Amino acid sequence: MTKHHHMVCMTILLWMAISCAPETKTTSIEKYQVTHPVLTDTSYVSEYVGEIRSIQNVEIRSRLNGYLEQIHIDEGQEVHSGQVLFTVNSSIYQQQYLSAKAALASTRAALKSAELELANVKSLHAKSIASDTELELAEANTEGLKAKLEEAEAAVELARLMSSFAQIKAPFDGIVNRIPNKKGSLINEGTLLTAISNFDQMFAYFNVSEREYLDYVMDAKKNQDQEVSLVLANDKTYPHKGRIETVEGEIDPATGNIAFRASFPNPDHILKHGGTGRILLKNTLQNALLIPQKSTFDRQENLCVFVVDKDSIVRVRNVVPLMRLPRLFAVSSGLSPQESIIYEGVQLVKEGERIMPELVSFLDGFNQ
């Protein structure tokens, strides 16, 4: 074998030896941000659908049959208690009133005559000129006329009352709503003429769950006259705060909810009867264990986190959520404040993987 052939064979053998040698595998440890759960008091806002109602909203209806003779107000007008709103043509009731007054005057005259007759009979009876029967008849006639007088007085009062219904007045200060009938319309007893709403103060009714209701009434530290906010239908916050005034007496068995009533001042009459809004109720959660939502994931309908043990090994842990907050979960069990959980990268890390943990506080990012 020539020297040249020897060198070629050595080169081939060396190449084959290198090719067949086992590969040296290099595994790098990835760095992940981890954080500790935080035990603290926190506040959260509960939101409810609210129905807005005026403190007084009354339908104004006719109590007479007749023609709508006069409309003294306009739709949307502010009126005061006792102000005349409508006049109904009630000539028949006026005539009945005059007739009742005449009957009353006639009965009074008859009674006066009977009383004089009774006095005369009593005088004659004392002289034994009039008999007992004549005296009894005179007394009975007088008593009968006295009863008729009371009846006539009641008839006059009733006729006067019916006649007064011709003028329909405002029962309280408020704003006039729609007027469906126009001047000259024929109306009957009970016909709706308009409605009046008092907008100086407004009620907002909203439903809460039985659990939230119990938390509310059983919290001894909570002011039962609690302040609430109102977000209007245009997503603007109403400038005046309201207060919870009362709670209804029973829980709806169909929904499991109970109605709360909050009262709001309405000096500018922005709020209207029949409106809607969102009631915002601020609550406090004491000694809550908080974790960021971005540290969690769902597995088989369970809320889970990646816990990093003392050897920097990642383990899956089920946690029990107490409440969902903006960007946070309050958990009731499954974690302690001393443990570390993956903060960033839960989509990339795998259970059993060793990592290089970098401790951060997730609250720092929330305060930015």
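Here's what I pulled together on the structure shown here.

## Quick word on the side chain of serine 229
For serine 229, the location among the structural elements is in strand E10 (residues 227-232). A polar contact of 2.6 Å, which involves the side chain of serine 229, links it to the side chain of lysine 241. Filtering out sequence-adjacent residues up to four positions away, serine 229 remains in contact with Lys241, Phe264, Arg278, Ile279 and Leu280.

## As for the pattern of salt bridges
The final tally for this structure, using the stated rule, is 14 salt bridges. Note that lysine 146 and glutamate 143 form a salt bridge whose closest N and O atoms lie 3.8 Å from each other. Placement of both lysine 146 and glutamate 143 in helix H3 (residues 132-164) is noted, with a separation of 3 residues, approximately one turn of the helix. By relative accessible area, glutamate 143 is classed as partly exposed at 49%.

## Looking at the packing of aromatic side chains
Under the criterion given, the structure shown has 7 aromatic pairs. Relative to phenylalanine 260, the ring of tyrosine 216 has its centre 5.2 Å away and its plane inclined at 70 degrees; by these criteria the two rings are edge-to-face. Of this pair, tyrosine 216 sits in helix H4 (residues 210-218) while phenylalanine 260 sits in strand E12 (residues 257-265); the two residues are 44 residues apart in sequence, bridging distant segments of the chain. Since its relative accessible area comes to 5%, tyrosine 216 is described here as buried. Here tyrosine 238 and phenylalanine 264 contribute two aromatic rings whose centre-to-centre distance is 6.1 Å and whose plane-to-plane angle is 75 degrees, an arrangement assigned as edge-to-face. Of this pair, tyrosine 238 sits in the loop between E10 and strand E11 (242-247) while phenylalanine 264 is found in strand E12, placing the two residues 26 residues apart along the sequence. Both residues of the pair, tyrosine 238 and phenylalanine 264, belong to the buried class. By the ring-pair criterion, three or more aromatic residues cluster together here, those being Tyr48, Phe206, Tyr213, Tyr216 and Phe260. Over the aromatic face of phenylalanine 203 sits the side chain of arginine 261, whose NZ or CZ is 4.0 Å from the ring centroid. One cation-aromatic arrangement involves lysine 294 over tyrosine 343; the distance from NZ or CZ to the ring centre is 5.0 Å.

## A closer look at a nonpolar patch on the surface
A cluster of nonpolar side chains, namely Leu214, Val217 and Met218, defines an oily patch on the protein surface of about 280 Å² accessible area. Here valine 217 falls in the partly exposed class, since its relative accessible area comes to 35%.

## Focus: helix H2 (residues 91-126)
With 36 residues, H2 ought to run about 52 Å at 1.5 Å a step, and its terminal C-alpha atoms sit 53 Å apart, in line with that. Of all the positions in H2, only Tyr93, Tyr97, Ala100, Leu104, Thr107, Leu111, Ala114, Leu118 and Val121 are classed as buried. One or two residues past the end of H2 sits serine 128, with phi positive at roughly 65 degrees.

## Focus on the pairing of strand E9 (residues 192-209)
Here strand E2 (residues 38-61) pairs with E9 via 11 bridges, running antiparallel. Looking at E9, one finds that glutamine 56 is bridged to asparagine 198. Here strand E7 (residues 174-176) pairs with E9 via 2 bridges, running antiparallel. Among the inter-strand pairings, isoleucine 175 is bridged to a residue of E9, identified as serine 197. Sheet analysis places E9 next to E12, joined by 9 bridges and oriented antiparallel. Paired with methionine 202 across the bridge in E12 is phenylalanine 264.

## Some words on unusual backbone geometry
For glutamine 300, which is not glycine, the phi torsion reads 55 degrees and is therefore positive. Residue placement: glutamine 300 occurs in the loop between strand E14 (296-299) and strand E15 (302-308). Phi at arginine 327 takes a positive value of approximately 65 degrees, unusual for a residue other than glycine. Overall, arginine 327 belongs to the partly exposed group, its relative accessible area being 48%.

## A word on the nonpolar core
Ranked by size, the top nonpolar core spans 21 residues in total, and within it Phe206, Leu230, Phe264, Leu271 and Ile279 carry the most contacts. The set of elements that each furnish at least two residues to this core consists of E2, E9, E10, E12 and strand E13 (276-292). The leading source of residues in this core is E9, at 5 residues. What phenylalanine 206 contacts, discounting residues up to four positions off in sequence, is Tyr48, Val49, Gly50, Ile244, Ile258, Ala259, Phe260, Ala262 and Ile279. In this structure, Val79, Leu85, Tyr93 and Phe172 belong to the second largest nonpolar core, which totals 19 residues.

## Topic: the environment of serine 91
Checked against the element boundaries, serine 91 lands in helix H2. Relative accessible area serves as the criterion here: at 47%, serine 91 is assigned to the partly exposed category. Expressed as a C-alpha distance, the spacing of serine 91 and glycine 66, which sit 25 residues apart in the sequence, is 9.1 Å.

## Some words on the pairing of strand E16 (residues 314-325)
Here E15 runs beside E16; their pairing, made up of 6 bridges, is antiparallel. Counted as the bridge partner of valine 308 is valine 314 from E16. The antiparallel hairpin formed by E15 and E16 contains 5 residues in its connecting segment, where serine 312 sits at a positive phi of about 65 degrees. Taken together, the 5 bridges between E16 and strand E17 (residues 328-333) define a ladder with antiparallel strand orientation. Of the residues in E17, the one forming a bridge with proline 321 is valine 331. Where E16 hands over to E17, the hairpin turn is made up of 2 residues, of which arginine 327 adopts a positive phi near 65 degrees.

Criteria and thresholds
- Residues numbered from 1 in each chain as written.
- Predicted model: local features only at pLDDT ≥ 70, side-chain atom pairs only at ≥ 80, totals over all residues.
- Heavy atoms only, no water.
- Helix = DSSP H or I, 4+ residues; strand = E, 2+ residues; numbered from the N terminus.
- Polar contact = N/O pair within 3.5 Å; in protein donor to acceptor, adjacent residues only side chain to side chain.
- Contact = heavy atoms within 4.5 Å.
- Salt bridge = Lys/Arg side-chain N within 4 Å of Asp/Glu carboxyl O.
- Buried < 20%, exposed > 50% of the residue type's maximum accessible area, 1.4 Å probe, protein only.
- Phe/Tyr/Trp six-rings, centres within 6.5 Å; stacked < 30°, edge-to-face > 60°.
- Lys NZ or Arg CZ within 6 Å of the ring centre and 35° of its normal.
- Patch = residues over 30% accessible without salt bridge, like charges linked within 9 Å, V, L, I, M, F, W, Y side chains within 5 Å.
- Areas by Shrake-Rupley, 256 points an atom, 1.4 Å probe, with all protein chains shown as cover.
- Expected span 1.5 Å × (residues − 1).
- Pairing = 2+ DSSP bridges.
- Core = buried A, V, L, I, M, F, W, Y, C linked by side-chain atoms within 4.5 Å.

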